[in-house]
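# Architecture at a glance
The lines below spell out each chain.
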Amino acid sequence: MQIPRNFKKNALTLKKPFFRQDVLDLAPALLGKLIVIDDGNQQRSFRITETEAYRGEEDMACHARKGRTKRTDPMYHTGGILYIYLIYGMHWMTNVVAGEANEPQAALIRSLDTVEGPGRTSKALGIDKGFNYKKLFDSDRIALLDDGLIPTYESLPRVGIDYAGDHWKNIPWRFKLNPSQLTDQ
DNA sequence: TGAGTGATCGTA
DNA sequence: ACGATCACTCAC
């Protein structure tokens with residue numbers, strides 16, 4: 001589709017209330033949404049195809065299991081900002097903060113229509129620490145657009161959390177867009 | 001299957 | 001101050 005020049009004021013741009021949903025609703029709702037990045041020179045867009053939910057201090061796979069720290073602080077904010085962190089000294093992870101203030105929740109963006117894997121996703125988007133805390137509903141640099149695709153998806157266990165114990169390791173909080181929805185457009 | 005890489009946080 | 005950990009990727 002043609003991406004509007006001023007996505008900040010575009011009717012398709014997702015607004016604050018969308019992000020205040022519980023992460024178990026928001027993470028699957030992110031599937032099929034367009035993520036638009038404007039680096040000042042050019043604008044690029046990708047469709048979100050895979051997410052994971054991390055939910056609260058009781059979720060033993062969530063960074064917030066150790067409470068509020070300098071790193072996890074963004075997750076304690078009201079939904080709609082980004083939570084960005086570095087993993088393995090190399091890869092930036094892009095997370096959308098969900099829910100209300102003091103409910104630490106975030107959805108990891110794992111894959112895009114043309115990019116598989118959370119590290120590669122951030123790299124493709126040009127996202128690094130500078131995007132931490134950035135608002136998705138009020139930014140000239142980045143926005144999420146809803147062009148009407150209603151996602152159908154499968155739920156799977158989350159990746160890379162062997163330390164979290166059987167319950168949290170197996171709970172199906174990874175969401176993958178049905179691939180046929182990309183070609184049906 | 002294993003090396004690379006560095007911010008973060010618990011322990012001191 | 002130090003050491004363990006880690007929501008990963010790439011090359012072998």
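Residues numbered from 1 in each chain as written. Chains lettered and ligands numbered in written order. Predicted model: local features only at pLDDT ≥ 70, side-chain atom pairs only at ≥ 80, totals over all residues. Heavy atoms only, no water.

With that out of the way, let us pick up the overall build of chain A. Of regular secondary structure, chain A possesses five helices and nine strands. For a compact globule of 185 residues, the expected C-alpha radius of gyration is about 16 Å, and chain A comes in at 15 Å, within 12% of that figure. Projected onto its principal axes, the C-alpha coordinates of chain A cover approximately 45 × 35 × 30 Å. Counting across all 185 residues of chain A, residues that qualify as buried make up 50%. Looking at chain A alone, contacts between residues at least 24 apart form 61% of all its contacts between residues at least 6 apart. Counting every atom, chain A has about 9100 Å² of accessible surface; 49% of that belongs to carbon and sulfur. Treating the 26 positive side-chain charges of chain A as one cloud and the 23 negative ones as another, the clouds have centres 6 Å apart. (Helix = DSSP H or I, 4+ residues; strand = E, 2+ residues; numbered from the N terminus. Rg over C-alpha atoms; globule rule 2.2 N^0.38 Å. Buried < 20%, exposed > 50% of the residue type's maximum accessible area, 1.4 Å probe, protein only. Contact = heavy atoms within 4.5 Å. Areas by Shrake-Rupley, 256 points an atom, 1.4 Å probe, with all protein chains shown as cover. Lys, Arg positive; Asp, Glu negative; His and termini not counted. Charge placed at Lys NZ, Arg CZ, Asp CG, Glu CD.)

Let us look at the packing of aromatic side chains. In this structure the tally under the stated criterion is four aromatic pairs. Judged by centre distance (5.7 Å) and plane angle (85°), the ring pair of Tyr 153 and Phe 175 falls under edge-to-face. With Tyr 153 in strand β8 (residues 153–156) and Phe 175 in strand β9 (residues 174–177), this pair connects stretches of sequence that are 22 residues apart. Ring centres of Trp 168 and Trp 173 lie 5.9 Å apart, and the angle between their planes is 65°; this geometry places the pair in the edge-to-face category. Just as Trp 168 is buried, Trp 173 falls in that class too. (Phe/Tyr/Trp six-rings, centres within 6.5 Å; stacked < 30°, edge-to-face > 60°.)

Near DNA strand C, the surroundings consist of 20 residues, among which His 63, Asn 95, Gly 119, Arg 120 and Tyr 163 are the closest. If you look at DNA strand C and keep only atoms within 4 Å of the protein, 57% of those are sugar or phosphate atoms. A distance of 3.2 Å separates a base nitrogen of DNA strand C from a polar side-chain atom of Tyr 85. The backbone of Gly 117 places a nitrogen or oxygen atom 3.5 Å from a phosphate oxygen of DNA strand C. (Near = heavy atom within 4 Å. Polar contact = N/O pair within 3.5 Å; in protein donor to acceptor, adjacent residues only side chain to side chain.)

What follows is about the layout of surface pockets. Of the voids in this model, the largest pocket is the one considered here, and its volume is about 560 Å³. Along its surface, the largest pocket is lined by 28 residues, and Tyr 54, His 63, Tyr 85, Ile 87 and Gly 160 are the ones closest to its centre. Going through the elements one at a time, β2 (43–55), β3 (82–87), β4 (91–97), β5 (105–112) and α3 (118–125) are the ones with two or more residues in the lining of the largest pocket. Partitioning the lining of the largest pocket into residue classes produces 15 nonpolar, eight polar and five charged. (1 Å grid on protein atoms, 1.4 Å probe; cavity = no way out; pocket = protein on both sides within 12 Å on 5 of 7 lines; lining within 4 Å. Points joined across faces, edges and corners; volume = space filled by probe spheres on them. Nonpolar A, V, L, I, M, F, W, Y, C, P; charged D, E, K, R; others polar.)

Now for the nonpolar core. Generally speaking, a soluble globular protein has its nonpolar side chains buried in company with each other. Phe 19, Leu 30, Ile 35, Val 96, Leu 112, Ile 142 and Leu 144 are the most contacted members of the largest nonpolar core, which totals 50 residues. Looking at this core, the element that brings in the most residues is β5, giving five residues. Membership of the second largest hydrophobic core comes to five residues, among which are Phe 7, Leu 34, Val 36 and Leu 145. (Core = buried A, V, L, I, M, F, W, Y, C linked by side-chain atoms within 4.5 Å.)

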